[in-house]
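Structural features, examined
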Amino acid sequence: MQNTQNKNNFIILATPAPVSHRTAEENLGLGYLSAVLQKNGFEVKILDAWLNGWTPDELANKILQDKKPLFIGVSAYQSNIDQALKTLDAIKQEKNITFVAGGFGPTFSPDLFLDSGFDFVIRGEGEQAICDLAQALQDKTPVSGIKNLSYKENTQNTHNPIVKLSCQLDDLPIPVRDTVKIAIDKRTPIHLLTARGCTGYCSFCSINSFFKLSKSPKWRGRSIDNIISEMQHLKSLGVQHIKVIDDSFVDADRDAQWCRDFANRMQEHGLVFDLRGSIRADRVTDEALAELKRAGFFSFSCGIENFSPTALKRMAKGASVEQNCMALDLFKKHDFYVQAGQILFDPYTTLVELQENYEYMRKYDWIISKGVFTEMFAATGTTFQRKVSRNNIVTSENPVLGNYNYKILDDRAKIAYDALKRWHTVHMAFYDKAIDPLTSPKALTKSEMADFYAEYLKIRQLDLDIMCKILDLVDSNASATTVASFVEKSIENNRRFFYKQESKTDELYRKARLQYKAAVNPFIKVK
């Protein structure tokens, strides 16, 4: 598509830094949007404030120093809306520039973003809508026919219908990689998307809700040839460490044979990468893992979530306890690092369920976990959020970064909840720092990963010891005061241990040339 010289075809796509306990990674979504816009004749600049460590004012200054764009597209979610608004306000004080928000947050809460000052919101997948909007703004034509678009019309918020993305994933251009050098310099793995969506039905998951709203199939995968083509491009850029950011890498028609074909094609093209991905427990097989190991995978995130059959049923998890255990046994057999997502608490958790979980957490004490206190997020737009709101068990109508707090209904489970939360939050900032190189994971050598992992395991064993004693106290009908007193004594008795571990972790960071610039976990509200 040709653009005449008197029309503004310059667009800025930006990522304001979120409030997060994780360290920065590249935003591949902006890479895809930039690619489709460039294909349609627009000039695009990506400004990633998270990767670059810019404040909202610094991001605003970067934008103001450049020529005026047709619009600024902001990758927005609940955890960066405040930073996005600070950037927006700083810019609009100097220039009248159009702002467009897209992503999970704007999709689920378009009115929030429109009422906060954004001119447009793109809901669902944005590749087609952003191109249509860019053309309409350039030509100064109405936006009423643009699907997936929300905007204000006569002070009223208007939401155009959502339609599914018309093209197959193979039809999308390879994403632009403007930030690849920054990511490599920070020893952060480069992102690769081989599929969108997930065929699971987990009640707490925003992914299902997002693609349901987008009217897209639950899961779509790219062809092996298409993936290999992008991997060759990444190799030419000097990429070695790749994080496959699919919500579900082995899904739908992908099976052990697909994994074998994928590994074969990589070897045929001489592609050697260190790969990390995500896979559901009910999709793990011995044959698939053997082939994925051959392809270069060394680490997987696996949503185990719980080891209690009643809790798994409430979550609408597809995997059973037996499947969870089989998956972990196979990961161990093939020597994978495993970040096992785990959710211990929801409103209906019982002490028996916590005891069931402890038994398996001790058995699989080698997995990488977010700690012995984890709770289900009631994220805006999810099935679970609607349930807790409908049942009137939310403790506030004001969500924290898009997640609602709720009551723990079982009295004994509530005592355990308070005790485990108190224990975890005291060393939460250090814990998140200790596991970040493993859960992200960073682009580390095998020996560097092993060093971080060894130190993590020491923390894990102490966590499990404390969890065991808390559950025993609650099971013996100890009062909440007695349990709380035990936790405070445990905190005091282990201060020296955590000081020693923090010193060791800091030394590993120095040796690996890593920096941990992140906030204390904003999703766990500390009293």
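We now turn to the structure provided with this report. (Residues numbered from 1 in each chain as written. Predicted model: local features only at pLDDT ≥ 70, side-chain atom pairs only at ≥ 80, totals over all residues. Heavy atoms only, no water.)

Before going further, it helps to examine unusual backbone geometry. Put simply, Ser-440 and Pro-441 share a cis peptide bond, and its omega is -25 degrees. If you trace the backbone, Pro-441 turns up in the loop between α18 (428-439) and α19 (446-475). Phi is positive for Asn-148, which is not a glycine, with a value near 70 degrees. With respect to the helices and strands, Asn-148 occurs in the loop between α7 (127-139) and β6 (149-153). Positive phi values are uncommon outside glycine, yet Arg-187 reaches one of about 60 degrees. Here Arg-187 lies in the loop between α8 (180-185) and β8 (190-192). (Helix = DSSP H or I, 4+ residues; strand = E, 2+ residues; numbered from the N terminus.)

Bringing helix α14 (residues 321-333) into the picture now. In this model, α14 (13 residues) spans 18 Å end to end at C-alpha, consistent with the 18 Å of a helix rising 1.5 Å per residue. Among the residues making up α14, those that are buried are Val-321, Asn-324, Cys-325, Ala-327, Leu-328, Leu-330 and Phe-331. Of the surrounding elements, those touching the buried residues of α14 are α12 (286-295), β13 (297-305), α13 (309-315), β14 (337-342) and α15 (351-363). Directly after α14, the chain includes Asp-335, whose backbone phi takes a positive value near 60 degrees. (Expected span 1.5 Å × (residues − 1). Buried < 20%, exposed > 50% of the residue type's maximum accessible area, 1.4 Å probe, protein only. Contact = heavy atoms within 4.5 Å.)

Before going further, it helps to spend a moment on the pattern of salt bridges. Within the structure shown, the criterion is met by 33 salt bridges. Between Lys-433 and Asp-506 there is a salt bridge, with the nearest N and O atoms lying 2.5 Å from each other. Taken together, the residues span a long stretch of sequence, with Lys-433 in helix α18 and Asp-506 in helix α21 (residues 495-512) at a distance of 73 residues. On the basis of relative accessibility, which here comes to 18%, the residue Lys-433 falls in the buried class. Taking relative accessible area as the criterion, Asp-506 reaches 22% and is therefore assigned partly exposed. Look at the salt bridges and you will find they share partners, linking Glu-26, Arg-177, Arg-222 and Glu-230 into a network. (Salt bridge = Lys/Arg side-chain N within 4 Å of Asp/Glu carboxyl O.)

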